[in-house]
Structures are given as structure tokens and as C-alpha cells.
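Structural overview
Given next are the chains, with one letter for each unit.
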Amino acid sequence: RGKAKAIVCAPNLEECAAEGGLDDTVEDLIEACREHDVPVVFALSRNRIGKALGRNIRLSIVCLLSLEGAHVEWRAVLKLTEELRRQWVLRH
């Protein structure tokens, strides 16, 4: 709702194809991000996202509300993400 600067999503999400389940929720979230030009980066595993945040839990998605102090690093992440996405598309 205008606050998210980016979303980091684990590519190893558990499938939940039930109506209104996790699959639908994630699809809706990604679509909303695209509509509002909020970058979505698929990276790390659910375990590694949790560990990166100092938690011993599995996290599927993290919303970045501020990039303050990390603009240069974030631009590098976005550049790498775009390049890897292009490579993936060419292979599939």
C-alpha cells in the first residue's frame, strides 16, 4: 500500500493450490508489486531468509520497507537479478 520498497521471496515455497491458499496469496502479492513497480527478487531459501534476519525460523517472503543506507548494494542486487532472470528465460 505504497510502503514497500521491494519484496524478497524464497523460490522454494511450499505448494498450496487450494482456493485462497498460499499460491493465490503469493500470486496476488507479486501482481500487486508489478502494478506498483515494486521489485520482486527471488533469492535464498526459506531457511536462509530466516537466518539472514537472525531468526531460526523459515520465512517465505520479506518486505523491505526502507533501503536507507543500502542504495548502492540494492542497485547491485537488482542488476544481478535482472541478468540472472534474462539467463533463465533464455534457457527455458
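Residues numbered from 1 in each chain as written. Predicted model: local features only at pLDDT ≥ 70, side-chain atom pairs only at ≥ 80, totals over all residues. Heavy atoms only, no water.

Concerning the nonpolar core
- One finds Ile7, Val26, Ile30, Cys33, Val38 and Val40 forming the largest nonpolar core, which totals 6 residues.
- Counting residues per element, this core draws most heavily on helix H1 (residues 22-35), which supplies 3 residues.
- Not counting the four nearest positions on each side in its chain, Ile7 is found in contact with Cys33, Val38, Pro39, Val40, Val41, Ile61, Val62 and Cys63. (Core = buried A, V, L, I, M, F, W, Y, C linked by side-chain atoms within 4.5 Å. Buried < 20%, exposed > 50% of the residue type's maximum accessible area, 1.4 Å probe, protein only. Helix = DSSP H or I, 4+ residues; strand = E, 2+ residues; numbered from the N terminus. Contact = heavy atoms within 4.5 Å.)

Notes on a negative patch on the surface
- There is a patch of like negative charges on the surface, built from Glu27, Asp28, Glu31 and Glu35.
- Here Glu31 is to be found in helix H1.
- Note on Glu31: relative accessible area 39%, which makes it partly exposed. (Patch = residues over 30% accessible without salt bridge, like charges linked within 9 Å, V, L, I, M, F, W, Y side chains within 5 Å. Areas by Shrake-Rupley, 256 points an atom, 1.4 Å probe, with all protein chains shown as cover. Salt bridge = Lys/Arg side-chain N within 4 Å of Asp/Glu carboxyl O. Lys, Arg positive; Asp, Glu negative; His and termini not counted. Charge placed at Lys NZ, Arg CZ, Asp CG, Glu CD.)

Things to note about the sheet that holds strand S3 (residues 61-64)
- The 3 strands are arranged S2-S1-S3 in an open sheet whose pairing can be described as mixed. Strand pairing shows two members of the sheet lacking a second neighbour, strand S2 (40-42) and S3, which therefore form its edges. Across this sheet, the average inter-strand angle for adjacent strands is 20°, counted without regard to direction.
- Direction of pairing for strand S1 (residues 6-9) relative to S3: antiparallel, over a ladder of 4 bridges. From the neighbouring strand, Ile7 faces S3, where its bridge partner is Cys63.
- Sitting on the sheet, helix H3 (residues 71-91) is in contact with S1, S2 and S3, with an inclination near 65° to S2. (Pairing = 2+ DSSP bridges. Axes fitted to C-alpha atoms, helices over the stretch in contact; angles between N-to-C directions.)

Brief notes about the confidence of the model for the chain
- Confidence in the prediction for the chain averages 90 pLDDT; 99% of positions are at 70 or higher.
- The lowest-confidence element of the chain is H1, averaging 90 in pLDDT; the highest-confidence one is S1, averaging 95. (pLDDT = per-residue confidence, 0-100.)

Observations regarding H1
- The first and last C-alpha atoms of H1 sit 20 Å apart over 14 residues, in line with the 20 Å expected at 1.5 Å per residue.
- Inspection of H1 places Val26, Ile30 and Cys33 among the buried residues, and these make up the whole buried set. All buried residues of H1 project into a common sector of 60° when viewed along the axis, lining one side. For H1, the exposed residues lying more than 90 degrees away from the buried face are Glu27, Asp28 and Glu35.
- Against S1, S2 and S3 lie the buried residues of H1. (Expected span 1.5 Å × (residues − 1). Arc of directions from axis to C-beta.)

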